[in-house]
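# Structural characterization, general
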Amino acid sequence: MKTWRLRSLALALALCLPATGVLAAPTTAAVSQVQVAGQAIHFKLGTEAVTVSLAGPGVVHVQAVPDGRADTPTLVMAPDHQPLPTPHAQATAATDGAVLSTARLKATLNRAAGTLHLANAQGKPLLTLDLAELAQGRVTFAHAKDEPFYGIGSYTIDESTAPGLLRTGEPVAMAGEQGHAGAPFVWTSAGYGVLVDSNGAVFHLQPRQVVVDGFSKLAVDAYLMVGAPKQLFAQLAQLSGHAPLFPKWSLGFINTQWGIDEKELVDIVDTYRQKRIPLDGFVIDFDWKAWGKDNYGEFRWNAKKFPDGPSGKLAHEMAQKGVHLGGIMKPRIHVDTVQGRYATTHDLWLPGERVSLDYFSHKPVKEVDFDKPAARAWFGGNAIKYGFDKGMVGWWNDEADTTLSNTQFMNMQRSLYVAQRKAGDVRAWSLNRNFWLGSQRYAYGMWSGDIHTGFAAMARQRARMLSAINVGEAWWGMDGGGFKGHPSDENYARWIEFGAFTPIFRVHGTLGEKRQPWKYGPVAQKAATRAIDLRYKLMPYIYSFAWHQHVAGVGLVRPLVFGWPHDAKVRNDVDAWMFGQWLLVSPVVKPGATQKTVYLPAGTWTDWFSGKRYAGGQGVTLKIDSKTWQDIPLFIRQGAIIPTQPVLQYVHEKPVTTVSLDVFPSKQKTSFNYYADDGDTYAYEHGDYYLQPMSTQRTTDGARFSLAAAQGKYAPALRWYVVKVHGVAATAVAHGGQHYATLAALGKADGAGWATGHDRYGPVTWLRVPARQAQSWQLQTAGDR
């Protein structure tokens, strides 16, 4: 079991804000020997050597190390982390201290007061760090009264989600159990965040002050970040590591099942195809393993249940049908086996781990210590040899959250990720039952644990998802339909609609429970299929935001506070979220609902299905169909550029040569980066990708749509965009090519052209334009809509 040394929780100083709103200085600290060198300030604080330096344009790194001691970063930090270059940054000495400044922040050391004052580029005071507290093993800072705080941790399976997204009191940063996500990171929509490099921490959140202690190492290591929420998470990714791209298939629909054999698996997959319900992945529980058997049964196929598993034939046949296989992995090994004796001989067990009887095999087991490099190499190597090489391309890691370690689950998946990267170029994918910041570096997705069925349990997943995202886990999923129990038909249909707008879209149930849409009657099947189809229609949009999460740290799902940090009404909103930058979704989570009120933030919004337009800054009430369950409250933000494609039965079913772009130009210029690659390998890391920026803007006499030149070496099948410029009925299009009388006529064209008409959103101009090359089109109208 991993523990951390708790420092004293007593507060040495009482911090306050004067009436002017300027942050007050805490009690004087003994700051001495101040020096400025490069982009850093160095000084002594008693026996502590303190460095205040820039880790990037918006990040100040504060590190206090006892004299004569060295500091080693924890796994929170990316191993290859280096401070980002900060052009035009200045570090200057002053009579009363020193100043660090960039285009985004100003950090002022006040030697006499013993403080470090942080402000943004506009001079707004953000926080005041008490330097004396560093020597006491604490990070203590004053802040403006009653700022909303987020991050630190989410919710375990049985924990009330009533607090929503806001954090108060004394939350502990930890990985936790059963769907909990944690990070030693707190942030606020007031414009800043604080990350501490520690394997665990305690946050004391007070109306005007925050104290962080309980660090795992002697050095106090804090990163003070400045920016809006999206900037904070971009900086968090730069510090703790960027997540690699998941394989594209994993963004489709995934069926997980406990209690299955080869014959049923083939029958289920064939039924999906016959009913034309898209499916990309099938993940198998205990059944796939020779669990409890000698000769590496924890890693190899169960030949009795899956005769074609050990040879790889089954996986090949599934791949031919467009289905990727994944299997469950457990952190424990049976001791009375060849593999168990190897683990004993080579000291691979958790320290102090006692033998216990496994609940499934009823045989003695012990848990591997994944913090040991030798254990990771051994476990990962066997998983590749017996599982991956036989067709298992997805890892579902379970039950490594029972030791209270922050790093056990992280290092379990790390062992598989590193081994798979060594074995070849196939992208790794995993599900894990908790999260600790840094895990994202290892293709680490999480799910919310063994949840119950029912509408109440489903509704709680919203806060659990958004809270996990608020600590840096962008790849979140759940057991669609619930794990424990059997959902009603309506509950199942609504759960699929919810799941279609989460990062990982998956269903699962306990032993013997089936979660295929046709198991819940024709009404639920139709509603579920419609939601799954919509997910696949949006695949170009979804995959582009998967890339954005990889490079910028902000994922597919974003709490509304990310986009409207100053709107108090979204401060703790778990009822709706942004799906990418341009879609707001608010799934139905109550049985028999006939209406639902959804709050829309500032802007103009269009109902995806009806085309009705709404002004933001208000709640809108929608009628809900309590009979067919087919409606999903889904809104388009004005300015949107949304790529879609024909619904495929799996992501690589056929080449996509034409992509549609739904464009809703606003008075402000907006943009979108369309992204594509092979979807399967890490070639994108070496420039083998396709990235094409595009933009739009409403003009006084129409609208403009532009494509920039495509970047990257990858050549997709894409040849044409069909651009639907909504709200504009053009009378002329500069560079638009031939004018066609109807959309049907345009669709038969073999070159560029344009046409006008109406759809559910009102007047529209369709452009058929070539992909890849840079071009701009000016749409002229007889008058504004």
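Quick note: structure is the one above.
Report follows, based on the coordinates. (Residues numbered from 1 in each chain as written. Predicted model: local features only at pLDDT ≥ 70, side-chain atom pairs only at ≥ 80, totals over all residues. Heavy atoms only, no water.)

Counting secondary structure elements, the chain contains 13 helices and 48 strands. Radius of gyration (C-alpha) of the chain: 27 Å, near the 28 Å computed for a compact globule of 785 residues. By its C-alpha atoms, the chain is 80 × 75 × 50 Å across when sized along the principal axes. When each of the 785 residues of the chain is scored for burial, the buried share is 64%. Taking the intrachain contacts of the chain between residues at least 6 apart in sequence as the baseline, contacts between residues at least 24 apart amount to 71%. (Helix = DSSP H or I, 4+ residues; strand = E, 2+ residues; numbered from the N terminus. Rg over C-alpha atoms; globule rule 2.2 N^0.38 Å. Buried < 20%, exposed > 50% of the residue type's maximum accessible area, 1.4 Å probe, protein only. Contact = heavy atoms within 4.5 Å.)

The element strand β39 (residues 658–663) is extensively covered by neighbouring structure, given that five of its six residues are classed as buried. The sheet contact formed by β39 and strand β43 (residues 720–726) spans six bridges and is parallel. Opposite Ser-660, over in β43, you have Val-722 as the bridge partner. (Pairing = 2+ DSSP bridges.)

Counting buried positions along strand β16 (residues 209–213) gives five out of five residues, so the element sits mostly inside the fold. In β16, alternate side chains face the same way, and those of Gln-209, Val-211 and Asp-213 on one face and Val-210 and Val-212 on the other are all buried. As judged from the four bridges shared by strand β10 (residues 139–143) and β16, these two strands associate in the antiparallel manner. Of the residues in β16, the one forming a bridge with Ala-142 is Gln-209. Relative to β16, strand β15 (residues 201–205) is paired through four bridges, and the arrangement is antiparallel. Opposite Phe-203, over in β16, you have Val-212 as the bridge partner. As consecutive antiparallel partners, β15 and β16 are separated by three residues.

As a further point, take the layout of surface pockets. There is about 440 Å³ of room inside the largest pocket. Contributing to the lining of the largest pocket are 22 residues, with Arg-613, Gln-638, Pro-665, Ser-666 and Lys-667 lying nearest its centre. For the lining of the largest pocket, the secondary-structure elements that each account for two or more residues are β34 (604–607) and β41 (690–699). Residues of the lining of the largest pocket, tallied by class, amount to four nonpolar, twelve polar and six charged. (1 Å grid on protein atoms, 1.4 Å probe; cavity = no way out; pocket = protein on both sides within 12 Å on 5 of 7 lines; lining within 4 Å. Points joined across faces, edges and corners; volume = space filled by probe spheres on them. Nonpolar A, V, L, I, M, F, W, Y, C, P; charged D, E, K, R; others polar.)

Before going further, it helps to examine the environment of Thr-742. Relative to the helices and strands, Thr-742 is located in the loop between β45 (738–739) and α13 (743–747). For Thr-742, a relative accessible area of 40% translates into the label partly exposed. Each C-alpha atom, one on Thr-742 and one on Gly-757, is 7.2 Å from the other, the two residues being 15 residues apart in sequence.

Moving on to the pattern of salt bridges. In this structure the tally under the stated criterion is 27 salt bridges. In this structure, Lys-321 engages Asp-270 in a salt bridge whose closest nitrogen and oxygen atoms are separated by 2.8 Å. One end of the pair, Lys-321, is in the loop between α4 (313–320) and β20 (324–329); the other, Asp-270, is in helix α3 (residues 262–275), and 51 residues separate them in sequence. We classify Lys-321 as partly exposed; its relative accessible area is 27%. Look at Asp-270 and you get partly exposed, because its relative accessible area is 24%. Of the charged contacts, one joins Glu-685 and Arg-421 as a salt bridge, the two residues approaching to 2.9 Å between their closest N and O atoms. Of this pair, Glu-685 sits in the loop between β40 (670–676) and β41 while Arg-421 sits in helix α7 (residues 408–423); the two residues are 264 residues apart in sequence, bridging distant segments of the chain. Arg-421 sits in the partly exposed class, given a relative accessible area of 27%. Sharing partners across several salt bridges, the network here consists of Lys-330, Arg-332, Asp-358, Asp-398, Glu-399, Asp-401, Arg-433 and Asp-450. (Salt bridge = Lys/Arg side-chain N within 4 Å of Asp/Glu carboxyl O.)

Per the stated rule, a full pass over the model turns up three cavities of 30 Å³ or more. Taken as a whole, the largest cavity encloses approximately 90 Å³ of empty space. As for the largest cavity, its lining consists of 13 residues, of which Ala-237, Gly-241, Gly-472, Gln-549 and Gly-553 are closest to the centre. Breaking the lining of the largest cavity down by element, the ones donating at least two residues are α2 (229–240) and α11 (539–552). At four residues, α2 tops the list of elements feeding residues into the lining of the largest cavity. For the lining of the largest cavity, a count of residues per class yields five nonpolar, eight polar and no charged. Of the volumes computed, that of the second largest cavity is approximately 50 Å³.

Moving on: the packing of aromatic side chains. For any two aromatic rings, the description comes down to two numbers: the centre-to-centre distance and the angle of the planes. Across all of its chains, the model carries 48 aromatic pairs by this definition. An angle of 70° between the planes, with centres 5.9 Å apart, marks the rings of Trp-396 and Trp-447 as edge-to-face. Of this pair, Trp-396 sits in strand β24 (residues 392–397) while Trp-447 sits in strand β27 (residues 445–447); the two residues are 51 residues apart in sequence, bridging distant segments of the chain. In this pair, the class of Trp-396 matches that of Trp-447, namely buried. Grouping aromatic residues by their ring pairs yields a cluster made of Tyr-296, Phe-299, Tyr-342, Phe-370, Trp-378, Phe-379 and Tyr-386. One residue, Arg-421, lies across the ring of Tyr-682, its end atom 3.5 Å from the ring centre. Its guanidinium or amino end placed over the ring of Trp-720, Arg-768 lies 4.1 Å from that ring's centre, counting from NZ or CZ. (Phe/Tyr/Trp six-rings, centres within 6.5 Å; stacked < 30°, edge-to-face > 60°. Lys NZ or Arg CZ within 6 Å of the ring centre and 35° of its normal.)

With that settled, consider the side chain of Asn-199. With respect to the helices and strands, the residue Asn-199 is situated in the loop between β14 (192–196) and β15. Side-chain polar atoms of Asn-199 contact the side chain of Asn-406, separated by 3.1 Å. (Polar contact = N/O pair within 3.5 Å; in protein donor to acceptor, adjacent residues only side chain to side chain.)

Between its terminal C-alpha atoms α3 stretches 20 Å, which fits the 20 Å expected from 14 residues at 1.5 Å a residue. Among the residues making up α3, those that are buried are Glu-262, Leu-265, Val-266, Ile-268, Val-269, Thr-271, Tyr-272 and Arg-273. The secondary structure elements touched by the buried residues of α3 are β18 (253–257), β19 (281–284), α4 and β20. For α3, the N-terminal capping position is held by Asp-261, with its side-chain oxygen 3.4 Å away from the main-chain nitrogen of Lys-263. Of the residues flanking the end of α3, it is Arg-276, one or two places downstream, whose phi is positive at about 55°. (Expected span 1.5 Å × (residues − 1).)

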